[in-house]
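Single-letter residue listing:
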Amino acid sequence: MAINIYNTLTRKKEPFQPLEEGKVKMYVCGPTVYNYIHIGNARPAIVFDTVRRYFEYRGYDVHYVLNFTDVDDKLIKASNEMGEGVTDIANRFITAYKEDVGALGVKEAVDHPRVTENMDEIISFIQGLIDKGFAYEAGGDVYFRTRSFDQYGKLSHQSIDELRSGSRIEVGDKKEDPLDFTLWKDAKEGEITWESPWGSGRPGWHIECSAMAKKYLGDTIDIHAGGQDLTFPHHENEIAQSEAHNGESFARYWMHNGYINIDNEKMSKSLGNFILAHDLVKKHDPQVIRFFMLSVQYRHPINFSDELLKGAKSSFDRIKNAYENIQHRKNSTMSLKEDQSEWLDKVAGYKEQFIKEMDDDFNTANAISVLFDLTKAANLYLQEEQTHEKVLTAFEELFEELTGVLGIQLQAQEELLDEEVDALIEERKQARKNRDFARADEIRDELKDRSIILEDTSQGTRWKRG
Ligand SMILES: [Zn+2]
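Computed from a prediction, not measured in an experiment: that's the story for all the values here. (Residues numbered from 1 in each chain as written. Predicted model: local features only at pLDDT ≥ 70, side-chain atom pairs only at ≥ 80, totals over all residues. Heavy atoms only, no water.)

**Thoughts on the overall build of the protein**
Right, on to step 1. When its secondary structure is counted, the protein shows 15 helices and 15 strands.
Right, on to step 2. The C-alpha atoms of the protein give 25 Å as radius of gyration, which agrees with the globular expectation for 466 residues (23 Å, within 12%).
Right, on to step 3. With the principal axes as the frame, the protein shows a C-alpha extent of 85 × 60 × 45 Å.
Right, on to step 4. By residue count, 49% of the 466 residues in the protein fall in the buried class.
Right, on to step 5. In the protein, the proportion of contacts linking residues at least 24 apart, taken out of those at least 6 apart, comes to 76%.
Right, on to step 6. Summed over its atoms, the accessible surface of the protein is roughly 22,300 Å², and 46% of this surface lies on carbon and sulfur atoms.
Right, on to step 7. In the protein, 59 positive and 83 negative side-chain charges are present, and the distance between their average locations comes to 1 Å. (Helix = DSSP H or I, 4+ residues; strand = E, 2+ residues; numbered from the N terminus. Rg over C-alpha atoms; globule rule 2.2 N^0.38 Å. Buried < 20%, exposed > 50% of the residue type's maximum accessible area, 1.4 Å probe, protein only. Contact = heavy atoms within 4.5 Å. Areas by Shrake-Rupley, 256 points an atom, 1.4 Å probe, with all protein chains shown as cover. Lys, Arg positive; Asp, Glu negative; His and termini not counted. Charge placed at Lys NZ, Arg CZ, Asp CG, Glu CD.)

Dropping the structure here:
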């Protein structure tokens with residue numbers, strides 16, 4: 001059975017067919033790193049991580065790319081307000097992002113490209129668009145000539161004429177047409193800038209994703225994903241840029257997650273209901289937050305409240321208790337010879353059902369219902385007079401397997417032994433020597449998760465248990 005994905009482009013569920021056998025090329029629009037992320041940003045991080053995990057579970061090799069927008073108006077504003085360099089702010093919030101989503105069980109992307117590290121590719125992409133007549137320079141800015149791309153509007157299902165009637169040229173605009181959008185911005189006094197054929201300046205927002213998707217994944221990718229609010233204009237503009245430039249179809253499947261509301265209201269700073277993921281993971285068990293986020297299918301809106309989170313916790317505990325009771329029984333009973341194959345069949349049936357639900361556009365809500373069915377069955381089985389080790393193991397393994405697909409861990413983490421800590425510290429030292437900073441950071445984070453605190457001194461790295 002194929003995995004079916006709702007494609008925003010066609011407004012239909014379609015069976016997934018990879019460009020390359022066994023591989024998924026997936027690009028997810030990441031955060032602008034000028035602040036801690038709010039829970040609205042945590043949702044795409046969790047749901048698309050789950051999509052990735054499910055593909056991996058089904059045997060695909062997923063090349064997962066998530067970008068960081070590390071220069072834009074918001075970052076420049078934050079830099080002026082805080083009196084701190086744009087790069088320093090970006091570095092700080094990229095680290096915070098990785099920590100916060102890491103706590104929520106989100107795996108690191110294969111590539112985490114940053115705008116400032118891909119400036120050459122971005123500039124040459126813009127130049128390519130100018131050369132083909134899809135873009136033009138105007139007084140130090142460069143704009144995309146939207147009307148030159150006749151399929152503009154195909155993702156958000158709007159016609160160019162409709163879009164045009166709603167927009168007009170502002171006074172002082174350098175654009176030829178109101179629908180044209182910025183690819184390159186002329187430098188303003190005191191801003192961070194890069195040299196380009198059009199003078200010093202910096203890129204617009206949309207162009208980064210087209211340039212980085214091409215560099216890391218190629219002209220055509222399998223899946224492009226992001227929040228629903230990115231459909232227009234961001235993703236529409238990405239399609240126009242990429243397809244005009246590359247002459248190939250850009251992404252085959254477009255996935256968008258729904259909004260998050262707080263107490264049935266839209267989250268906004270002015271309403272004072274703005275919740276940072278950074279604060280939330282400190283107050284609540286991150287596993288429960290993740291479980292809660294997955295309790296609704298990703299395309300639907302989700303409502304968040306303390307009450308609902310409490311409910312998620314008790315649901316999560318029900319699953320966890322059943323799992324632990326199964327484990328406990330396994331340790332306390334001897335293996336019986338009696339045949340209980342009907343129970344083994346039953347357990348296998350839940351796995352099949354779970355896969356069926358996830359194949360249906362990653363319906364985690366229904367997949368979690370299957371976990372509850374498994375929980376009920378486990379509790380029922382534990383009431384049998386005689387239990388069999390084989391059946392107990394089948395339950396135990398299926399609990400671990402299915403929650404693992406959702407990025408949730410039921411097993412209590414065992415404490416690391418001193419030798420294991422020392423070995424990881426040695427590996428980190430080697431990784432840093434080889435300039436493999438990603439691995440070095442990963443080890444530091446892993447140790448941090450296990451409550452091991454590192455202190456780098458001139459005599460080497462010391463550690464203690466936190
Ligand atoms: Zn993007």
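**Digging into the packing of aromatic side chains**
Right, on to step 1. Overall, the coordinates contain 21 aromatic pairs when judged by the stated rule.
Right, on to step 2. When the centroid spacing of 5.7 Å and the interplanar angle of 75 degrees are considered together, the rings of Phe16 and Tyr60 count as edge-to-face. With a gap of 44 residues between them, Phe16 in the loop between β2 (12-15) and β3 (23-28) and Tyr60 in the loop between α1 (39-57) and β4 (61-66) connect regions that are remote in the sequence.
Right, on to step 3. On the accessibility criterion, Phe16 (4% relative accessible area) is buried. (Phe/Tyr/Trp six-rings, centres within 6.5 Å; stacked < 30°, edge-to-face > 60°.)

**Quick notes on the sheet that holds strand β10 (residues 251-257)**
Right, on to step 1. Taken together, the four strands give an open sheet; going across it, the order is β4-β3-β9-β10, and neighbouring strands pair in parallel fashion. Of all the strands in the sheet, just β4 and β10 have a single pairing partner and so form its edges. Averaged over all adjacent pairs, the angle separating strand axes in this sheet is 20 degrees, with direction ignored.
Right, on to step 2. Where β3 lies against strand β9 (residues 221-227), three bridges are found, and the strand directions are parallel. In the strand pairing of β9, Tyr27 is matched with His224.
Right, on to step 3. Lying on the sheet, α1 is in contact with β3, β4, β9 and β10; it crosses β10 at an angle near 135 degrees. (Pairing = 2+ DSSP bridges. Axes fitted to C-alpha atoms, helices over the stretch in contact; angles between N-to-C directions.)

**Structural notes on the coordination of the zinc ion**
Right, on to step 1. Bound to the zinc ion on the protein side are Cys29 (SG), Cys209 (SG), His234 (NE2) and Glu238 (OE), at distances that span 2.1 to 2.4 Å.
Right, on to step 2. Given four donor atoms and angles of 77 to 128 degrees at the metal, the environment of the zinc ion is assigned as irregular.
Right, on to step 3. Written as a sequence motif, the donor residues of the zinc ion are C-x179-C-x24-H-x3-E. Taken together, the positions of Cys209 in helix α6 (residues 205-217) and His234 in helix α7 (residues 231-246) put the pair 25 residues apart, joining distant regions of the chain. (Donors = N, O, S within 2.8 Å, 3.2 Å for Na, K, Ca; no water. Tetrahedral: all angles 85-135°; square planar, octahedral: opposite > 155°, others 65-115°.)

**Comments concerning helix α11 (residues 341-359)**
Right, on to step 1. Over its 19 residues, α11 runs 27 Å from end to end, which matches the ideal 27 Å to within 8%, given 1.5 Å per residue.
Right, on to step 2. Among the residues of α11, those classed as buried are Trp343, Val347, Tyr350, Phe354, Ile355, Glu357, Met358 and Asp359.
Right, on to step 3. Of the surrounding secondary structure, the elements contacted by the buried residues of α11 are β1 (4-7), α1, α12 (364-382) and α13 (389-405). (Expected span 1.5 Å × (residues − 1).)

**Observations regarding the domain arrangement of the protein**
Right, on to step 1. Segmenting the protein into domains produces domain 1 (4-257), domain 2 (307-413) and domain 3 (417-465).
Right, on to step 2. Taken over C-alpha atoms, the centre of domain 1 sits 34 Å from the centre of domain 3. (Domains from an automatic or database assignment.)

**Quick notes on the sheet that holds strand β5 (residues 135-138)**
Right, on to step 1. Spatial ordering of the open sheet is given by β5-β6-β7-β8, a layout of four strands whose pairing is antiparallel. Since the sheet does not close on itself, it has two edges, and those belong to β5 and β8 (201-203), each with one partner. Strand-to-strand twist in this sheet, taken as the mean axis angle between neighbours without regard to direction, amounts to 20 degrees.
Right, on to step 2. Pairing of β5 with strand β6 (residues 141-144) involves four bridges; the strand directions are antiparallel. Bridge pairing in β6 links Tyr136 to Tyr143.

**Description of the UniProt feature "binding site: Zn(2+)" (unreviewed entry) in the protein**
Right, on to step 1. Summarizing the sequence annotation, UniProt attributes the feature "binding site: Zn(2+)" (unreviewed entry) to Cys29, Cys209, His234 and Glu238 in the numbering used throughout. In sequence the annotated residues extend across 210 residues, while in space they remain close, none of their C-alpha pairs exceeding 10.9 Å.
Right, on to step 2. Ignoring sequence-local partners within four residues, the contact set of Cys29 consists of Asn67, Cys209, His224, Ala225, Leu230, His234, His235 and Glu238.
Right, on to step 3. The exposure class of His234 is buried, given its relative accessible area of 1%.
Right, on to step 4. With sequence-adjacent residues up to four places away left out, His234 is seen in contact with Cys29, Trp205, His206 and Cys209. (UniProt positions renumbered as here; feature names shortened; annotations may be inferred.)

**Remarks on the packing of α11 against α13**
Packed helices, taken two at a time, are described by the angle their axes make and the gap between the axes.
Right, on to step 1. Packing of α11 against α13 leaves a shortest axis separation of 9 Å and a crossing angle of 10 degrees. Regarding the angle of α11 to α13, the classification is roughly parallel. For the pair α11 and α13, contact is made by Trp343, Leu344, Val347, Tyr350, Lys351, Phe354 and Met358 and by Lys390, Val391, Ala394, Phe395, Leu398, Glu401, Leu402 and Val405, respectively.
Right, on to step 2. Across the contact of α11 with α13, the residue classes break down as twelve nonpolar, no polar and three charged. (Parallel < 35°, antiparallel > 145°, perpendicular 65-115°, else oblique. Nonpolar A, V, L, I, M, F, W, Y, C, P; charged D, E, K, R; others polar.)

**As for the side chain of Gln297**
Right, on to step 1. With respect to the secondary-structure elements, Gln297 resides in the loop between α9 (286-293) and β13 (302-304).
Right, on to step 2. Residue class for Gln297 comes out buried when judged on its relative accessible area of 6%.
Right, on to step 3. From its side chain, Gln297 meets the backbone oxygen of Asp361 in a polar contact 2.8 Å long.
Right, on to step 4. The residues touching Gln297, leaving out its near neighbours within four places in the chain, are Arg43, Asp361, Phe362, Asn363, Thr364 and Ala365. (Polar contact = N/O pair within 3.5 Å; in protein donor to acceptor, adjacent residues only side chain to side chain.)

**Structural notes on the nonpolar core**
Right, on to step 1. In terms of nonpolar packing, the biggest core is built from 130 residues, with Met26, Phe55 and Phe395 touching the most fellow members.
Right, on to step 2. Of the domains in this structure, domain 1 (4-257) and domain 2 (307-413) are the two that each give at least three residues to this core.
Right, on to step 3. Apart from residues lying up to four places away in sequence, Phe55 is in contact with Ile3, Ile5, Phe16, Val24, Tyr60, Val62, Ile223 and Phe362.
Right, on to step 4. Ranked by size, the runner-up nonpolar core spans eight residues in total, among them Leu416, Leu424, Leu447 and Ile452. (Core = buried A, V, L, I, M, F, W, Y, C linked by side-chain atoms within 4.5 Å.)

**Some words on the pattern of salt bridges**
Right, on to step 1. Throughout the structure, instances matching the rule amount to 37 salt bridges.
Right, on to step 2. The residue Arg439 makes a salt bridge to Glu427 at a minimum N-O spacing of 2.9 Å. On the criterion of sequence distance, the pair formed by Arg439 in helix α15 (residues 437-449) and Glu427 in helix α14 (residues 418-433) is long-range, its members being twelve residues apart.
Right, on to step 3. Judged by relative accessible area, which is 35%, Glu427 ranks as partly exposed. (Salt bridge = Lys/Arg side-chain N within 4 Å of Asp/Glu carboxyl O.)

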